[in-house]
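Commentary on secondary and tertiary structure
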Amino acid sequence: MSQPPGGAPSFVRVWWDAFAAVAAAVVAMFAVAALGLWAAGADGLPGAFPAVTAATVVSAVGGTVELSGGAGVLGRTGASLDVVPLSVTLAGAVALATVFLRPLRHHAVAGGRDLLARVARTAVLWLIALLLIALGARHTFRIDLGDSLLGDIGEALEVSPSVGFRADVGPTLGYGLLWLLVLLAVAVAASRKTPLPSRLLRFQDPVRPAAFAVVALLLGYVLLFLLVGLVAAVTRGNPAGTMAVLLLGLPNLAWISLGLGLGGSWEGRVPGQSLGLPLPKALTAVLRGGGDEPSRVTIASLAEHDGRAWLLVALAVVALLAAGFLLAVRSPATMQHWEHALQLGAALAVTLFAIGALTRISARVGLSLLGIGDLSSFGGEVALTPHLLTLTGVGLLWGLVAGYLGSLLSRRAGRRGLAEEAGKP
């Protein structure tokens, strides 16, 4: 799909490149979302699987999926869901960035207008695809109350509670466009083989090594946790549930672990009967420990339920030193230790802030009928909220330290950066 038909005019070729990038992202996201939902058992939903898959893709790019419900004039249902399935997000991001950057690598130089035109064409086709996906992301479910007092009353009064969802098209297109622009900016910044317009060359040395190091850090965490998850799926019970976590929320857990290992924190709660969201046992135990009050999630609180949580600190330290070393060897040899420290400190602070914002969870399902039962009594609420100021602060601090130490390690190892290629694309 990355090559246009032979002999096609330049107009067709440039639009074909944009189409290939968008198509690759959509296919990758739908494939991962469908497999993850299938592993989670969502294929059993009568007639709803395509709509649920589309809603998952919408959520993955920051779109808004509104949940609503009703039980006639005698009752009401309440539902809300705010969670980003980052496995789906990452699959689409990698596919789109790879296909978008491939044609640019064949150019020795890049013009600013040409690059903006490529972004604009990709954005137009992306918005069209996202509009179609959003229109397909809608369905309504009937809630089965079972053998309960509410069920008996509802059956006698012929009340049928339901919960439905639909994508909010306006915010979905807005946030989806923002997602695309941020993704392409990060992809161009992190790719050393992609030429930059002349006006942006002054940002090459201070930005590109740090962007590449942070992207490598995040992807390395995902790959490591993927390996651990696959081993767990083979050696432990419930392989389908484990695969559902890997295919829907692997980066969520991996990047939360990075933040916790560096000293960051979250807070939240999980009811006695959770909503079925895949959360690790230690994390679930911490979130349930506070009762009606939010519980604070830190490495120490996790270690009270599973002592292996302290390994996340060692992992974060080693990973950050590797990122600092990688930044130094990809930077011009003339750069000083303190410059590497500032670069990684700023990059990691922004990264942990983004991790906190993307790993927020808020989910609630409830039912109230004739005043019997509160909205929180049916299903309850799952919440996980980051402490963004703490995450940003520890990211800045650890980045400064790791950038400086990584620079020292690179000099001791005889890797003094890119002496001959400094200043080149």
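Residues numbered from 1 in each chain as written. Predicted model: local features only at pLDDT ≥ 70, side-chain atom pairs only at ≥ 80, totals over all residues. Heavy atoms only, no water.

The chain has the name Streptophobe family protein in an unreviewed UniProt entry, where Streptomyces aureoversilis is given as its organism.

A separate point is the overall build of the chain. The secondary structure content of the chain amounts to 13 helices and 8 strands. Of all 425 residues assigned to the chain, the portion counted as buried reaches 47%. Counted over contacts in the chain with a minimum sequence separation of 6, partners at least 24 positions apart contribute 76%. (Helix = DSSP H or I, 4+ residues; strand = E, 2+ residues; numbered from the N terminus. Buried < 20%, exposed > 50% of the residue type's maximum accessible area, 1.4 Å probe, protein only. Contact = heavy atoms within 4.5 Å.)

Formed by 51 residues in total, the largest nonpolar core has its most connected members in Leu96, Phe100 and Trp126. The set of elements that each furnish at least two residues to this core consists of helix H1 (10-39), helix H2 (49-60), helix H3 (86-101), helix H4 (112-136), strand E4 (162-168) and helix H6 (169-190). The biggest single contributor to this core is H1, with 11 residues. Setting aside its immediate chain neighbours within four residues, Trp126 contacts Val22, Ala25, Val26, Met29, Val61, Gly176, Leu177, Trp179 and Leu180. Within the second largest apolar cluster, 48 residues are counted, among which are Leu86, Ala254, Leu262 and Ala309. (Core = buried A, V, L, I, M, F, W, Y, C linked by side-chain atoms within 4.5 Å.)

To continue, consider the confidence of the model for the chain. Per-residue pLDDT for the chain averages 82, and the proportion of residues at 70 or more is 78%. Confidence drops under a pLDDT of 50 for residues 367-378, and excluding neighbours within four residues, the segment shows 36 contacts in the predicted structure. Every residue in residues 420-425 is under pLDDT 50, and counting partners more than four places away or in other chains gives 9 contacts. (pLDDT = per-residue confidence, 0-100.)

Turning to the environment of Gly307, a few remarks are in order. Positionally, Gly307 belongs in the loop between helix H10 (299-303) and helix H11 (311-329). For Gly307 and Ala282, which are 25 residues apart along the polypeptide, the C-alpha to C-alpha distance reads 9.7 Å.

This paragraph deals with the packing of aromatic side chains. The relation between two aromatic rings is expressed through the spacing of the ring centres and the mutual angle of the planes. In this structure the tally under the stated criterion is 3 aromatic pairs. The interplanar angle of 20 degrees and the centroid separation of 6.0 Å between the aromatic rings of Tyr221 and Phe225 together place this pair among those described as stacked. Of the two residues, Tyr221 and Phe225 both sit in helix H7 (residues 204-235), 4 residues apart, roughly one turn of that helix. Looking at Arg330, its charged tip hangs above the ring of Phe212, at a distance of 3.7 Å from the centre. (Phe/Tyr/Trp six-rings, centres within 6.5 Å; stacked < 30°, edge-to-face > 60°. Lys NZ or Arg CZ within 6 Å of the ring centre and 35° of its normal.)

Glancing now at the packing of H3 against H6. Where H3 contacts H6, the two axes come as close as 10 Å, and the packing angle between them is 60 degrees. For the element pair H3 / H6, the angle class is oblique. The element H3 and its partner H6 pack so that their crossing is right-handed. Across the interface between the two elements, Thr89, Gly92, Ala93, Leu96, Ala97, Phe100 and Leu101 of H3 pack against Trp179, Leu180, Leu183, Leu184, Ala187 and Val188 of H6. (Axes fitted to C-alpha atoms, helices over the stretch in contact; angles between N-to-C directions. Parallel < 35°, antiparallel > 145°, perpendicular 65-115°, else oblique. Left-handed = near helix turned anticlockwise from the far one by under 90°.)

What follows concerns a nonpolar patch on the surface. On the surface, a nonpolar cluster with roughly 430 Å² of combined accessible area is contributed by Val124, Ile128, Leu131, Leu132 and Leu135. Relative to the helices and strands, Leu135 is located in helix H4. (Patch = residues over 30% accessible without salt bridge, like charges linked within 9 Å, V, L, I, M, F, W, Y side chains within 5 Å. Areas by Shrake-Rupley, 256 points an atom, 1.4 Å probe, with all protein chains shown as cover. Salt bridge = Lys/Arg side-chain N within 4 Å of Asp/Glu carboxyl O.)

Let us look at H3. For H3, built from 16 residues, the straight-helix expectation of 22 Å at 1.5 Å per residue is met to within 8% by its first-to-last C-alpha distance of 22 Å. Among the 16 residues that make up H3, 14 are buried, leaving the element largely enclosed by the rest of the structure. (Expected span 1.5 Å × (residues − 1).)

This part covers the pairing of strand E5 (residues 266-269). On a regular strand, each side chain points to the face opposite its neighbour's, so the side chains alternate between the two faces of the sheet. Of the two faces of E5, the one holding Trp266 and Gly268 is buried and the one holding Glu267 and Arg269 is not buried anywhere. Sheet topology note: the E5/strand E6 (residues 295-297) ladder contains 3 bridges and is antiparallel. Looking across to E6, one finds that Trp266 is bridged to Val297. (Pairing = 2+ DSSP bridges.)

Attention shifts here to the side chain of Thr359. Within the secondary structure layout, Thr359 lies in the loop between helix H12 (337-358) and strand E7 (361-369). Apart from the residues within four sequence positions on either side, Thr359 is in contact with Leu86, Asn252, Ile256, Trp266 and Leu384.

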